[in-house]
Amino acid sequence: MGEEFRFFELNNGARIPSVGLGTWQAPPGVVGDVIIAAVKAGYRHIDCARVYENEKEIGMALKKLFEDGVVKREDLWITSKIWCWCNYPEDVPVVLEITLQDLQLDYVDLYLVHWPLAKKKDIPGFTPDCFTALDIPATWREMEKIYDSGKAHAIGVSNFSSKKLEDLLKVARVPPAINQVESHPVWNQSKLREFCQSKGIHLTAYSPLGSPGTIWIKSDVLSNPVLDMVAEKLGKTLGQVALRWGLQMGQSVVPKSTNEARIKENFDIFDWSIPDDLFAKFSEIKQRRLIEGQFLIHELGPYKSVEELWDGEI
Ligand code: A2P
């Protein structure tokens, strides 16, 4: 049973390790040690992004791991994402190069379009009118070019609704391998999951624990009574149950932690499972999106409401 959910196969034949370490909010000064601890604990998948502002230190940690012979490059899965600052088509290869330089890598295993919008170049900072629509066809053509070049072994998107994926699929020569979105037992993404499955797009769950440490997110995943009951019955922590639920739903998960004990705890989810009768109880959990993307909504921007951003999937 232990090996059952170690990897998920993508639509291009690549195999993504099912549990990755999320690196959002892991600050420089901390993130390097965290990466080293995670890889030593068995993680083979690191989820990065340009906007997390820590890729340089992650790169130094990776270099040390390779030099010390702890892991080989080909045994690691590294994801990065192009931020909406730079989601202009012509920026895609340029920004990928910066990421590759910072990570000290020749290629990433997966490159994602982080959010379905772009930021106007002539407006510095966050002002009400700073966002503009993403040119999906032109941006995706650039993503396909980097896929062809071998600098990204898979390409995909993040925070795309079924509708936006449908628009993308209409123009894609290389279909997206992954859509990375918020998913946990309190926001199970049932509609999007069904759509992705029907199109062969793998779903990766960010905030798979419901991001309990983020103050602006009103998280209640790790105090949910169903999880509590299942954790009690199985002798596992609520975090482990939330992550194992994700694997059994068929999604990879990228939990974040800067604490070595919890990094290990979150990886200890392979040699046990949630039995069917307990798994069925998760369908009773009232659903609620925790990360609405309010910061991207403005009357002058491409999305005037949360409903528009997610095309009604809220
Ligand atoms: P810490 O870094 O102190 O471990 P998510 O991945 O859903 O965004 O959640 C990340 C948050 O959850 C972080 O604040 C992290 O804090 C905390 N966390 C990580 N693993 C666990 C766990 N097993 N149980 C409880 N909280 C956890």
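Let me begin by describing the structure that accompanies this report. Bear in mind the structure is a predicted one, so any value in this text is a computation, not a measurement.

## With respect to the sheet that holds strand β10 (residues 178-182)
Line of reasoning, step 1. Judged by pairing direction, the sheet is parallel, and its eight strands sit side by side in the order β3-β4-β5-β6-β9-β10-β11-β12 without closing on themselves. On the outer flanks of this sheet lie β3 (21-22) and β12 (252-253), each paired with one strand and no other.
Line of reasoning, step 2. Here strand β6 (residues 110-113) runs beside strand β9 (residues 155-158); their pairing, made up of three bridges, is parallel. Paired with tyrosine 111 across the two strands is isoleucine 155, which belongs to β9.
Line of reasoning, step 3. Each of β5 (77-82) and β6 is contacted by helix α3 (residues 91-103), which is oriented at about 140 degrees to β5, the strand it contacts most.

## Observations concerning the environment of glutamate 3
Line of reasoning, step 1. By the element assignment, glutamate 3 lies in the segment before β1 (7-9).
Line of reasoning, step 2. Sequence-wise, glutamate 3 and phenylalanine 270 are 267 residues apart; in three dimensions their C-alpha atoms are separated by 6.8 Å.

## Thoughts on the packing of aromatic side chains
For any two aromatic rings, the description comes down to two numbers: the centre-to-centre distance and the angle of the planes.
Line of reasoning, step 1. For the structure on display, the rule yields seven aromatic pairs.
Line of reasoning, step 2. Relative to phenylalanine 8, the ring of phenylalanine 5 has its centre 6.3 Å away and its plane inclined at 50 degrees; by these criteria the two rings are tilted. With respect to burial, phenylalanine 5 and phenylalanine 8 carry one shared label: buried.
Line of reasoning, step 3. A centroid spacing of 5.9 Å and a plane angle of 40 degrees characterise the contact between phenylalanine 279 and phenylalanine 282, whose relative ring orientation is tilted.
Line of reasoning, step 4. In this structure, arginine 73 is placed above the aromatic ring of tyrosine 107, and the distance from its NZ or CZ to the ring centre is 3.9 Å.
Line of reasoning, step 5. Between the NZ or CZ atom of arginine 289 and the centre of the ring of tryptophan 310, over which it lies, the distance is 3.7 Å.

## Comments concerning helix α5 (residues 162-171)
Line of reasoning, step 1. Regarding α5, the residues found buried are Ser162, Lys164, Leu165 and Leu168. Considered in projection along α5, the buried side chains sweep an arc of 160 degrees and stay on one side of the axis.
Line of reasoning, step 2. Those residues of α5 that are buried are in contact with α4 (136-149), β9, β10, α6 (190-199) and α11 (306-309).

About the cut-offs
- Residues numbered from 1 in each chain as written.
- Predicted model: local features only at pLDDT ≥ 70, side-chain atom pairs only at ≥ 80, totals over all residues.
- Heavy atoms only, no water.
- Pairing = 2+ DSSP bridges.
- Helix = DSSP H or I, 4+ residues; strand = E, 2+ residues; numbered from the N terminus.
- Contact = heavy atoms within 4.5 Å.
- Axes fitted to C-alpha atoms, helices over the stretch in contact; angles between N-to-C directions.
- Phe/Tyr/Trp six-rings, centres within 6.5 Å; stacked < 30°, edge-to-face > 60°.
- Buried < 20%, exposed > 50% of the residue type's maximum accessible area, 1.4 Å probe, protein only.
- Lys NZ or Arg CZ within 6 Å of the ring centre and 35° of its normal.
- Arc of directions from axis to C-beta.

By themselves these figures say nothing about function.
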